[in-house]
Amino acid sequence: AKRAAAEGSTDTEMTEISDTQAILNPVASQASLSYRIATLQHKVFEDLKAGKLRWFEAVDLHGCTVEQARSAVLEIIQIAKAENQNVIKIVHGKGPEAILKTYVNGWLRQHRDVLAFVSAPENQGGTGAVLVLLKRAEKNPKYDAQK
């Protein structure tokens, strides 16, 4: 039971990501998002901010409900990990209420595979999209267990 709790399972990933953080921390539609774990190298973070890291896959959440958006975000992270890619782009838009942007900001901060994310450079969507840096799959013990 301890091992299962430590490793977690894909079934619990949906419930691990709570909406509470998003609800408590609304984001303005034009606000620039920025997050990084403390151990991430400064240069890597700066390259992500500058749009220098090529992203592998993108998902557009326009027209999605909050639940559809949550599923899409979790799915693109899983796909990127399966392909051993570590940068993705999530287009959340910047509607007047910035609802999806607020939720994406909250979800990504809670996801254990997210090392950093920033609002995309203007030529890649600006404050209507985020570039997300993920942990490499081979360093993830769950990845080895699935082989």
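All of the points below concern the structure found in this document. (Residues numbered from 1 in each chain as written. Predicted model: local features only at pLDDT ≥ 70, side-chain atom pairs only at ≥ 80, totals over all residues. Heavy atoms only, no water.)

### A short note on the nonpolar core
- By size, the foremost hydrophobic cluster in this structure holds 26 residues, and its most contacted members are Leu61, Ile90, Leu108 and Val132.
- It is helix α5 (residues 66-82) that contributes the most residues to this core, seven residues altogether.
- Once you skip the residues sitting within four places of it in the chain, leucine 108 turns out to touch Val73, Ile77, Ile90, Val114, Phe117, Val130 and Val132.
- Leu40, Phe45, Leu115 and Ala129 belong to the second-largest nonpolar core, a separate cluster that totals 12 residues. (Core = buried A, V, L, I, M, F, W, Y, C linked by side-chain atoms within 4.5 Å. Buried < 20%, exposed > 50% of the residue type's maximum accessible area, 1.4 Å probe, protein only. Helix = DSSP H or I, 4+ residues; strand = E, 2+ residues; numbered from the N terminus. Contact = heavy atoms within 4.5 Å.)

### So, the packing of aromatic side chains
- Counting across every chain of the model gives two aromatic pairs.
- Pairing tyrosine 103 with tryptophan 107 gives two aromatic rings, centres 5.6 Å apart and planes at 40 degrees, and the pair type is tilted. Taken as a pair, tyrosine 103 and tryptophan 107 lie in helix α6 (residues 99-110) at a separation of four residues, close to a single helical turn. As far as burial versus exposure is concerned, tyrosine 103 and tryptophan 107 are alike and both buried. (Phe/Tyr/Trp six-rings, centres within 6.5 Å; stacked < 30°, edge-to-face > 60°.)

### A look at the pairing of strand β5 (residues 129-134)
- Most of β5 is tucked away: six of the six residues are buried.
- Here β5 shows no split at all, with Ala129, Leu131 and Leu133 on one side and Val130, Val132 and Leu134 on the other all buried.
- With five bridges connecting them, strand β4 (residues 114-119) and β5 associate as antiparallel partners. Counted as the bridge partner of valine 114 is leucine 134 from β5. (Pairing = 2+ DSSP bridges.)

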